[in-house]
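Read off the chains here:
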Amino acid sequence: MHDVTAAAIREPVRARGPGSEPRGFDAARCRAAARQIRRYVMQMSLTAGPHGAHAGGALSMVEILSVLYLEVMRYDVKNPLWEQRDRFILSKGHGSPSLYAALCLAGFLDEKELATFKANETRLYGHPSMNPSMGIEFSSGSLGHGLSLGVGSALALKIRGNAASRVFVVLGDGELNEGSVWEAAMSAAHFGLPNLVAIVDRNGMQYDGFTEPVMNTGDLAAKWRSFGWMVREVDGHDVSAVHDALTAPTAGSGQSGGAAPLAIIARTIRGKGVSFMENARVWHHSRLTQAMYDQAMAELDASAETAATPIDRGGSRRP
Amino acid sequence: MTNLQKYTKAFVEAFDVAEDALPTLVYQAVPSWDSVGHMGLMAVLEEAFGITLDIDDVIDFSSFVRGQELLRKYGVEI
Amino acid sequence: MIAYTRASTRAWSMLGSSGAFGLAAMELPELDSSVAILSADLSFFSGLDRFRAKYPERLFNIGIAEQNMVCVAAGMAKEGHKVFATTYATFASARSCDQVRVSMGYMQSDIKLVGLAAGLSVGILGPTHMSIEDLAVMRAIPNMTVVSPADCTATVKATLAAAKHKGPMYLRLTGVQNNPTVYQADFEFTIGKAIRLRDGDDIAIIATGTMVHAALEAATLLAERQIACTVIDMHTIKPLDEAAVKETLGAKLLVTIEEHNKKGGLGGAVAECLALVPRKPPQLVLGMTDEFYHGADYHYLLEKNGLTARQIAESILASYEQVLA
């Protein structure tokens, strides 16, 4: 495993659960965490060897995860099923390397375990497998299920009056080809679920290439709006913009008379952060050689946050 | 008990209605005479009169009055 | 409180299995305060009108969206609800199969998936609504419990048992209105434990769903020819009551009957169970023939598939005579 530099994060943020103190949004810290997640993704991809890795789709959602896990979501690694936690569902399950990296930063996973990615007796499969102690709410990998799982979770939370917990679902834009996503979207508006947030990692690509020539999903913002969702469009690699989109008040009325669910359409670049992966068709899933790895790590090291602000350990979060 | 008394009792118990409401009572006129209540009544009438109703007659049994006509087919005079 | 009288079991029979399920559903919130019922636009067909009137906050219509329904159910189950989800059997197993295998099989969500109108019961609507292969699909998914009640009384019992059962379950409801009655009174229903309804040394018949009653009638017809049949209600296809199956090894002929494709359902399960047993009777598998029929009336379709009591008796007789020869 390539050694992590001093500028990188060594200790994860342990808990942003009960009793944690409020702290302002720290964009620099998020960017540093994003860079570390990218490093971890490269490390896992190398470790996977001939099995290959879904590196492209993992890299496009890194800022989304860093903002969620460091700045927005509430959770308690010592009590992973804490009722008041926020729930995270990775509907685009193949983005698992980034999720594992984020869970490592959050304190659910040890850094050493990342080296077991795709090993035969690992807990870190190519697609996430449900495991509360690891902070994985649901198994995923078959595209199109996650938003429905989110609807069910959000609905149950609403029924028992838990107005604090939110359910975040990250979907791919290619994944929106699946009809079941739209069943879920329709039902979320119908049931009036303001506690549900769908984040579309709109990297414009899917396995067979760019989404437009493969299966054009058209005007996504208009589609979600027409399904009764509130929509925010952001640059998915701008941590401040992502943070604002996730935390700005969502007052407004949905079609059920209650507040509408929120869809964030995050414009991203598949393979972001590694030049030879960006917008490259093959990097939906491919094999990372040592040479590629070395180049990728060199690029990440050279990126803007070289003199990174160390992540502030201590798990302080708004209650 | 006369046949009419048995018949009336079955309705009153099945649907919790007053006897004087029966002559004009039709299927779905009261919430308790839904499909579930209907089958319950059919089963009670079968037992009371020792008959087995044909499914077509079960479906055709749309009112207190109609029921009396249908039961005649089974030799039950009300 | 449910009363298992002659009149009530007769009423349930007239309602049909969906109606019986709906009636049993009325008891569920008392058994488990976390009960929620989802339906893919079939709440009326599921017999849930009274449930809707009494417990509107527990009934969620998901619309014609079976895939969404299964995962919404999984999300709710994860958050602590005991969830029943209803749709046509064929859609449960085919349309939302992926969601079923992932959420119910793989993640073992505590969902009771109710497959309405299984087999040929809405065959009038054509092959798209005939569930020919749902037992084959469901029993091949790890961690699934698969239950197929013999009649409407058993449907009530199975529904209540399902509420107490923890883990993913597929509840297969067969038959139409005026569904013949096997159980006219209360009886002991335990998931995974077959029920021996009739004893006879010559032939052993293992049946499920509507075919249990047909098997009993066929056994009566065979008795007129001095052929004695055992009849077993195998209401749980998975886990199969292997002990009950192995109790039939002394028969000269073993017969399995199901309102399901001959391939892959109860017949297959029983054959698999006996595969390593060196000395066993030959097994006659009766079920739907492996083809798609044009839409037709339920009883007409049963006859086309050789599944009336008379036809079953004739098939058994023909096989038995070959065995004895």
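Residues numbered from 1 in each chain as written. Chains lettered and ligands numbered in written order. Predicted model: local features only at pLDDT ≥ 70, side-chain atom pairs only at ≥ 80, totals over all residues.

Our next topic: the overall build of chain B. Check the secondary structure of chain B and you find four helices and zero strands. For chain B, the sequential pattern of α-helices and β-strands runs α-α-α-α. For 78 residues, the compact-globule estimate of 2.2 N^0.38 gives 12 Å, and the C-alpha radius of gyration of chain B, at 11 Å, lies within 12% of that figure. Every one of the 78 residues in chain B was classed for burial, and the buried ones make up 24%. Within chain B, contacts between residues separated by at least 24 positions form 47% of all contacts whose residues are at least 6 apart in sequence. (Helix = DSSP H or I, 4+ residues; strand = E, 2+ residues; numbered from the N terminus. Rg over C-alpha atoms; globule rule 2.2 N^0.38 Å. Buried ≥ 20, exposed ≤ 12 C-beta atoms within 10 Å, placed from the backbone. Contact = placed C-beta atoms within 7 Å.)

Attention now goes to the overall build of chain A. Secondary structure summary: chain A contains ten helices and seven strands in total. Considering only intrachain contacts with a sequence separation of at least 6, the fraction spanning at least 24 residues in chain A is 80%.

Before going further, it helps to examine the interface of chain C and chain A. Tallying the contact residues gives 19 residues for chain C and 18 residues for chain A. Ranked by residue count, the leading element in the side of chain C that touches chain A is helix H5 (residues 66–78) of chain C, at nine residues. By residue class, the composition of the side of chain C that touches chain A is ten nonpolar, six polar and three charged. (Nonpolar A, V, L, I, M, F, W, Y, C, P; charged D, E, K, R; others polar.)

Overall, the predicted model of chain B reaches an average pLDDT of 95, with 100% of residues at or above 70. Here the predicted complex carries an ipTM of 0.91, next to a pTM of 0.89. (pLDDT = per-residue confidence, 0-100.)

Right, let's talk about the environment of Asp301(A) for a bit. Along the chain, Asp301(A) turns up in helix H10 (residues 290–302). For Asp301(A) and Arg35(A), which are 266 residues apart along the polypeptide, the C-alpha to C-alpha distance reads 8.5 Å.

So, about the sheet that holds strand S11 (residues 253–261) of chain C. Residue and element names in this part refer to chain C. The five strands are arranged S7-S9-S8-S11-S12 in an open sheet whose pairing can be described as mixed. Across the chains shown, the open sheet's two edge strands, defined by having one partner strand only, are strand S7 (195–198) and strand S12 (283–288). The sheet shows a mean angle of 25° between the axes of neighbouring strands, taken without regard to direction. Across five bridges, strand S8 (residues 203–207) lies against strand S9 (residues 229–233) in parallel orientation. For Ala204, the partnering residue across the bridge sits in S9 and is Thr230. (Pairing = 2+ DSSP bridges. Axes fitted to C-alpha atoms, helices over the stretch in contact; angles between N-to-C directions.)

Residue and element names in this part refer to chain C. If you look at the biggest cluster of nonpolar residues, it comprises 220 residues, and the most contacted ones within it are Ala73, Ile205 and Ala215. For this core, the two domains that each supply at least three residues are domain 1 (6–172) and domain 2 (195–324). Apart from the residues lying within four places of it in its own chain, the contact partners of Ala215 are Ile205, Ala207, Val231, Ile257 and Ile312. (Core = buried A, V, L, I, M, F, W, Y, C linked by C-beta atoms within 7 Å. Domains from an automatic or database assignment.)

All right, on to the pairing of strand S7 (residues 262–267) of chain A then. Residue and element names in this part refer to chain A. Among the six residues of S7, five are classified as buried, and the element is accordingly described as predominantly covered. Relative to S7, strand S3 (residues 196–202) is paired through six bridges, and the arrangement is parallel. Across the sheet, the residue bridging to Arg202 is Arg267, located in S7. Where strand S6 (residues 230–235) meets S7, six bridges bridge the pair, whose relative direction is parallel. Note on S7: the bridge partner recorded for Asp235 is Arg267.

What follows is about the sheet that holds strand S2 (residues 59–61) of chain C. Residues and elements named next belong to chain C. The strand order across the open sheet built from seven strands is S2-S1-S3-S4-S6-S5-S10, with neighbouring strands paired in mixed fashion. At either margin of the open sheet sits one strand with a lone partner, and together these are S2 and strand S10 (236–238). Here the average twist between neighbouring strands, direction ignored, is 20°. Of the strand pairs in this sheet, strand S5 (residues 145–147) and S10 are connected by two bridges, and their pairing is antiparallel. In the sheet register, Val147 faces S10, and the bridge partner there is Thr236. Together, strand S1 (35–39), strand S3 (82–88) and strand S4 (111–116) form the strand contacts of H5, whose direction differs from that of S3 by roughly 170°.

Right, let's get into the pairing of S9(C). For a regular strand, the rule is simple: side chains alternate between the two faces of the sheet. Residues and elements named next belong to chain C. Counted residue by residue, S9 has five buried out of five residues, so it is predominantly covered. Of the two faces of S9, the one carrying Cys229, Val231 and Asp233 and the one carrying Thr230 and Ile232 are both buried. Here three bridges tie S7 to S9, and the two strands are oriented antiparallel to one another. Counted as the bridge partner of Arg196 is Ile232 from S9. What joins S8 to S9 is helix H10 (residues 211–223), and the crossover it makes is right-handed. (Right-handed = clockwise from strand over helix to strand, strands pointing away.)

Turning our eyes to something else, we now look at the interface of chain C and chain B. With 13 residues of chain C at the contact, the number on the chain B side is twelve residues. At the level of elements, helix H1 (6–15), helix H2 (17–25) and helix H4 (49–54) of chain C are the ones that each hand at least two residues to the side of chain C that touches chain B. It is H1(C) that contributes the most residues to the side of chain C that touches chain B, seven residues altogether. For the side of chain C that touches chain B, the per-class residue count stands at five nonpolar, four polar and four charged.

A few words on the confidence of the model for chain A. Averaged over every residue, the pLDDT of chain A is 88; the share at 70 or more is 85%. Segment residues 1–14 of chain A: pLDDT under 50, and 31 contacts once partners within four positions in sequence are set aside and those in other chains are kept.

Here we take up the arrangement of the chains. Across the two pairs of chains in contact, the largest number of contacts is found between chains A and C. These two, chain A and chain B, are apart from each other, with no contact and a minimum C-alpha gap of 28 Å.

Our next topic: helix H7 (residues 97–106) of chain C. Within an α-helix, residues lying three or four positions from one another point in the same direction, as the helix has 3.6 residues per turn. Looking at H7(C), one finds that the buried residues are Gln99(C), Val100(C), Arg101(C), Val102(C), Ser103(C) and Met104(C). The secondary structure elements touched by the buried residues of H7(C) are H5, helix H6 (89–95) and S4 of chain C.

Below, the discussion takes up the environment of Lys272(A). All names here are of chain A. Residue placement: Lys272 occurs in the loop between S7 and H10. Lys272 sits in the buried class, given 22 other C-beta atoms within 10 Å. With 69 residues separating them in the primary sequence, Lys272 and Asn203 have C-alpha atoms 9.3 Å apart. Every residue in contact with Lys272, bar those within four places of it in the chain, is listed here: Leu59, Ser60, His237 and Glu278.

With that out of the way, let us pick up the packing of helix H1 (residues 27–48) of chain A against helix H4 (residues 96–106) of chain A. The description of two packed helices rests on the angle between their axes and on the distance between the axes. Residues and elements named next belong to chain A. Two elements in contact, H1 and H4, have axes whose closest approach is 9 Å; the angle formed by their N-to-C orientations is 125°. By the criterion of interaxial angle, the relationship of H1 to H4 is oblique. Judged by the sense of rotation from one axis to the other, the crossing of H1 with H4 is right-handed. Within the contact between the two elements, H1 uses Ala33, Gln36, Ile37, Tyr40, Val41, Met44 and Ser45 and H4 uses Pro97, Ser98, Tyr100, Ala101, Ala102, Cys104 and Leu105. Here the contact of H1 with H4 is built from residues that sort into eleven nonpolar, three polar and no charged. (Parallel < 35°, antiparallel > 145°, perpendicular 65-115°, else oblique. Left-handed = near helix turned anticlockwise from the far one by under 90°.)

Bringing unusual backbone geometry into the picture now. With an omega of 0°, the peptide bond between Lys238(C) and Pro239(C) qualifies as cis. Mapped onto the elements, Pro239(C) comes out in the loop between S10 and helix H11 (242–246). The backbone of Lys118(A) shows a phi angle near 65°, a positive value even though the residue is not glycine. Although it is not a glycine, Asp16(B) sits at a positive phi angle of roughly 55°. Taking the C-beta count within 10 Å as the criterion, Asp16(B) has 11 such neighbours and is therefore assigned exposed.

Here we take up helix H9 (residues 239–247) of chain A. For H9(A), the set of buried residues is Val239(A), Ala241(A), Val242(A), His243(A), Ala245(A) and Leu246(A). Buried residues belonging to H9(A) abut H1, helix H3 (62–72), S3, S6 and S7 of chain A.

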